[in-house]
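# Notes for the structure review
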Amino acid sequence: HVQLVDSGGGLVRPGGSLTLSCVVSGETTTINAMGWFRQAPGSQREFVAAITRGGNTQYSNSVKGRFTIYVDNAKSTVYLQMNSLKPEDTAVYYCAAKILGDGSDYRSVYEYDYWGQGTQVTVSS
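Summary of the structure given here. All values derive from a computational prediction rather than experimental measurement.

## Concerning the overall build of the chain
Check the secondary structure of the chain and you find zero helices and eleven strands. The order of helices and strands in the chain, counted from the N terminus, is β-β-β-β-β-β-β-β-β-β-β. The C-alpha radius of gyration computed for the chain amounts to 14 Å, which stays within 12% of the reference 14 Å derived for 125 residues, consistent with globular compactness. Counting only C-alpha atoms and orienting by the principal axes, one finds that the chain spans roughly 40 × 25 × 25 Å. For the chain, with 125 residues in total, the buried portion stands at 43%. Long-range contacts, defined here as pairs at least 24 residues apart, represent 58% of the contacts in the chain between residues at least 6 apart. For the chain, the exposed surface amounts to about 6,400 Å²; the carbon and sulfur share of it is 47%.

## With respect to the sheet that holds strand 8 (residues 77-82)
With antiparallel pairing, the four strands of this open sheet are ordered in space as 1-3-8-7. Since the sheet does not close on itself, it has two edges, and those belong to strand 1 (2-7) and strand 7 (67-72), each with one partner. Sheet twist, expressed as the mean angle between neighbouring strand axes with direction ignored, is 20°. Where strand 3 (residues 18-26) meets strand 8, six bridges bridge the pair, whose relative direction is antiparallel.

## Some thoughts on the layout of surface pockets
In this structure, the largest pocket spans a volume of roughly 350 Å³. In this structure, the largest pocket is lined by 16 residues; those nearest its centre are I31, M34, R53, V71 and N73. At the level of elements, strand 4 (31-39), strand 5 (46-52), strand 7 and strand 8 are the ones that each hand at least two residues to the lining of the largest pocket. Top element by residues in the lining of the largest pocket is strand 4. It accounts for four residues. Of the residues contributing to the lining of the largest pocket, the split by class is seven nonpolar, seven polar and two charged.

## With respect to the packing of aromatic side chains
Applying the stated criterion across every chain yields a total of five aromatic pairs. One aromatic cluster is present, built from ring pairs that chain together F37, F47, Y112 and W115. Directly above the ring of W115 sits R45, whose terminal nitrogen or CZ lies 4.9 Å from the centroid.

## Some points on the pairing of strand 8
Regular strands place their side chains on alternate faces of the sheet. A large share of strand 8 lies buried, amounting to five of its six residues. Joining the antiparallel neighbours strand 7 and strand 8 is a turn of four residues, in which S76 adopts a positive phi near 50°.

## What about the state of the cysteines?
All chains considered together, the criterion is met by one disulfide. Residue C22 pairs covalently with C95 via a disulfide, S to S 2.1 Å. For the disulfide bridge between C22 and C95, the dihedral angle about the S-S bond is near -85°, and by the sign convention the bridge is left-handed. Of this pair, C22 sits in strand 3 while C95 is found in strand 9 (residues 91-99), placing the two residues 73 residues apart along the sequence.

Definitions and cut-offs
- Residues numbered from 1 in each chain as written.
- Predicted model: local features only at pLDDT ≥ 70, side-chain atom pairs only at ≥ 80, totals over all residues.
- Heavy atoms only, no water.
- Helix = DSSP H or I, 4+ residues; strand = E, 2+ residues; numbered from the N terminus.
- Rg over C-alpha atoms; globule rule 2.2 N^0.38 Å.
- Buried < 20%, exposed > 50% of the residue type's maximum accessible area, 1.4 Å probe, protein only.
- Contact = heavy atoms within 4.5 Å.
- Areas by Shrake-Rupley, 256 points an atom, 1.4 Å probe, with all protein chains shown as cover.
- Pairing = 2+ DSSP bridges.
- Axes fitted to C-alpha atoms, helices over the stretch in contact; angles between N-to-C directions.
- 1 Å grid on protein atoms, 1.4 Å probe; cavity = no way out; pocket = protein on both sides within 12 Å on 5 of 7 lines; lining within 4 Å.
- Points joined across faces, edges and corners; volume = space filled by probe spheres on them.
- Nonpolar A, V, L, I, M, F, W, Y, C, P; charged D, E, K, R; others polar.
- Phe/Tyr/Trp six-rings, centres within 6.5 Å; stacked < 30°, edge-to-face > 60°.
- Lys NZ or Arg CZ within 6 Å of the ring centre and 35° of its normal.
- Disulfide = S-S within 2.5 Å.

As structure tokens, then:
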């Protein structure tokens, strides 16, 4: 129904910036919200940011003020702009899509129906 392809990861020095992209295709009109999650080795998948169809955004406390989630509807792409990167930000980042429904906890991995393959972000000097 929905396909997600995330990209843009790479190696960045602490304090640097990186922007991830997630191209969305398929039944895009059914999407209620888009989110970004990350998972470090040995850790659970962690909420990073989300944006609803209405444009409301949510961020984890650890990235608030540093990361920005936004969409370009013309390109059917959601982005995660990451600034002031820290080594603790190192993880595989996943784009996710929530289809229309009654769920509203956009911080929960269980609310999302489709996932990208993940893109590695490494912050190291």
